[in-house]
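# Structural overview for review
Here's the letter readout for the chains.
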Amino acid sequence: MIGTPAPASPLPSARMAMAIGVLLSLNVVVNIVQGVSPSAGTSRAAEGLAVIILAVLAPYVRGSRRIFLAAAALLGAYCLFFLAQPGTVLGPALDQAGFIIAFFCALATLQHVAGRSPAISRAALFLANQPSGRRYLALGFGAQVFALILSYGALSLLGTMARQSAEREPVPAVRALRTRRMLQGAQCGFAASLCWSPLAYAVVITSALVPGAQMSSVVVHGLGSALILVSIGWLTDRRLKKSLPQGTVVTPPDQAAASDTRSLIPLAWLLLAVAIPAALLDVCAGIAPAHAVLALVPMISMIWVLLETGAGHRLSVLGERSRRFLLDDLPSFKGELVLLGTAGFIGNASGALLAGWIAAAGFDLSAIPARILLVLPIMLVPLAGQVGLNPILFVSLFAQLLPSPAEMGVSPVALVLALTAGWALTAPTSPFTASVMIISRIGGVTPRVVAFTWNGVFVVTAAIGLAVWIQFLA
C-alpha cells in the first residue's frame, strides 16, 4: 500500500537529482554487500545512508510524507535521549528502512524496462481478451506474474487493457459488468501475489521479522495461499456472471489477441531468471533470497535492455536509459521512498519499544492460545488499513509483539503466512491502498465502492479460507 497521493511537491534541481540518484544507487550497492558479506562496517554505512537519504528527500515531499518523517524523527530522538542503549532499537529500524529503500530502487529498474516493453503489453492484451469462462482465472493467475515485474504498475496496465476490451460491448450494463469482473480478477491476482512473490514487501519483510522463517518455504507455501485467494475470487465471480438477464448476447473477445499464447513466453523467462539464480544462491552460497533479488533484478533489467536493442547501439542505449533512470525516474519516486522508508523505520522501532514495555509490565502474549494468535493478523491488518495505516508500518510493529514461533509451538511459515494473508486482504479492502485507488479510477467508481461493494464478500470469504489453511500448516 502506497497510501493517498501527496500534494504537489517541489522538484529537485538537476544537480540535486543527480545527488539523489547517486545516493540511492550507493544504498543499493551497500545493502547488496551487507547481504552477501555482513559486517559492522557495512551495517553502519547502510544505517547512515538511510538517514542521509531521508534527510535529503525531506524538502521535496508534502502531506502525509512529512507527517511520517516527523514521527520517525521524534521516535529517533526518544530512543537517543531516553534509552540506555538506543542502538539496539535504532540499528535494526534503520537497517530495515535502508533495505526497503534499496529494494524499491532495485524493483524500479525492472519496472522502468518492463513498462516500456511491447512484449509486456502483448501479454496483458492476451489475458484481457480471454473468453468469459476463463477470463477471471487468466487475470487472477496472470496478474501475479505481472505484479512480480511491475508491482502496482501491473494493475494500471491490466486494468487499462481490461477497460479497452470491455469497450467492445455495445450494451452499457454488459460493459459495466464486464469491466468490474475483469478489474476484480486483476486485483485478486495482485493481492494473491503478496502471499508468495519474493519481490513483494509482504513476503520480504515478514520473512525477515519472524525468527526461523525461510523465504523459500514461505514462497512455496504462499502459493497455496494464492491459490485459495484466486479460487475464492473465481467462485464469488460466478454469482456476478449470473446477474445478467437471461438471453443477453455478449460480444466475443478479440480472437487474435486471445490466441497469442506466445506473448506469455517473456513472462516465463523473467520468472525463471529471478527464481532459479535466487534459489541457487540461497542453497549454494547461503545468500538470503531477498538480498539475492536485490542484486539480480538490476542485472536482469540491463540484460533486457540489451536484448531489446538492435546490434551496434546496445551500449549507448543502455547508457542513456541508465542516465534517465538515475536522473529522472529515481528522484521522481521521492514520495514513495520517504513513505516506505519511514513506515519501515517507525514500525520496527515502535514495535521493539512496545515489546519491551509489554514485557516490563508482565503481560505475556504467549498465554493466548497460538491458534488465536495466528488468526489475529488476518483480522487486524485489514482493519488497520481501514484507518489508513500502512501495512509495512503495522506488520513491522505487530510482528514484534507476537511470541516467537518456538514459544507459540507453531511453524515459522504459518506465522509468516498469517501476516502476509492479512497484508494481502488489505490490498483490495482498504480505501486508502494504491491498488483500490487504481481500480476505482479505471472502473469509474469511488474507492469505497471497490473496497466494500465489489470486494467485501470476497475478502470476508477469503479470510475464512486463509485462516483454515494457516491452521492446517501450524
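Reading the values: the criteria
- Residues numbered from 1 in each chain as written.
- Predicted model: local features only at pLDDT ≥ 70, side-chain atom pairs only at ≥ 80, totals over all residues.
- Heavy atoms only, no water.
- Helix = DSSP H or I, 4+ residues; strand = E, 2+ residues; numbered from the N terminus.
- Buried < 20%, exposed > 50% of the residue type's maximum accessible area, 1.4 Å probe, protein only.
- pLDDT = per-residue confidence, 0-100.
- Contact = heavy atoms within 4.5 Å.
- Core = buried A, V, L, I, M, F, W, Y, C linked by side-chain atoms within 4.5 Å.
- Axes fitted to C-alpha atoms, helices over the stretch in contact; angles between N-to-C directions.
- Parallel < 35°, antiparallel > 145°, perpendicular 65-115°, else oblique.
- Left-handed = near helix turned anticlockwise from the far one by under 90°.
- Nonpolar A, V, L, I, M, F, W, Y, C, P; charged D, E, K, R; others polar.
- Phe/Tyr/Trp six-rings, centres within 6.5 Å; stacked < 30°, edge-to-face > 60°.

Of note, Ser151 is a non-glycine position whose phi angle comes to about 55°, a positive value. Looking at where Ser151 falls in the secondary structure, it is placed in the loop between helix H6 (132-150) and helix H7 (153-166). By relative accessible area, which is 23% here, Ser151 ends up partly exposed.

Attention shifts here to the confidence of the model for the protein chain. Taken over all residues, the pLDDT of the protein chain has a mean of 88, while the share at 70 or more is 95%. When mean pLDDT is taken per element in the protein chain, helix H19 (residues 412-429) scores highest with 96 and helix H11 (residues 255-258) scores lowest with 70. Counted against residues more than four places away or in other chains, residues 1-6, with its pLDDT under 50, gives 27 contacts.

Attention now moves to the nonpolar core. General note: in soluble globular proteins, nonpolar side chains tend to be found buried as a group. Residues Phe103, Ile120, Phe146, Ile149, Tyr201, Leu229 and Phe345 are the most contacted members of the largest nonpolar core, which totals 155 residues. Sort the elements by how many residues they give to this core and helix H4 (residues 87-114) lands first, with 18 residues. Non-local contacts of Leu229, meaning those with residues more than four positions away in its chain, are made with Cys188, Ala191, Ala192, Cys195, Ala424, Leu425, Phe458, Ala462 and Leu466.

At a minimum axis distance of 9 Å, the contact between helix H1 (residues 14-36) and helix H13 (residues 289-308) shows a crossing angle of 140°. With respect to H13, the axis of H1 lies oblique. Crossing hand, H1 versus H13: left-handed. Note on element contacts: H13 touches H1 through His291, Leu294 and Ala295, opposite Val28, Asn31, Ile32 and Gly35. Here the residues of the contact of H1 with H13 are counted per class, giving 4 nonpolar, 3 polar and no charged.

For any pair of aromatic rings, the description consists of the separation of the ring centres together with the inter-plane angle of the planes. Taken as a whole, this structure holds 8 aromatic pairs when the rule is applied. Seen from their ring centres, Tyr152 and Phe190 are 5.0 Å apart, and the 40° between their planes marks the pair as tilted. Of the two residues, Tyr152 is situated in the loop between H6 and H7 and Phe190 in helix H8 (residues 172-193); the sequence distance between them amounts to 38 residues. Pair check on accessibility: Tyr152 and Phe190 agree, each one buried. Aromatic ring contacts, followed pair by pair, group Tyr78, Phe82 and Trp357 into a single cluster.

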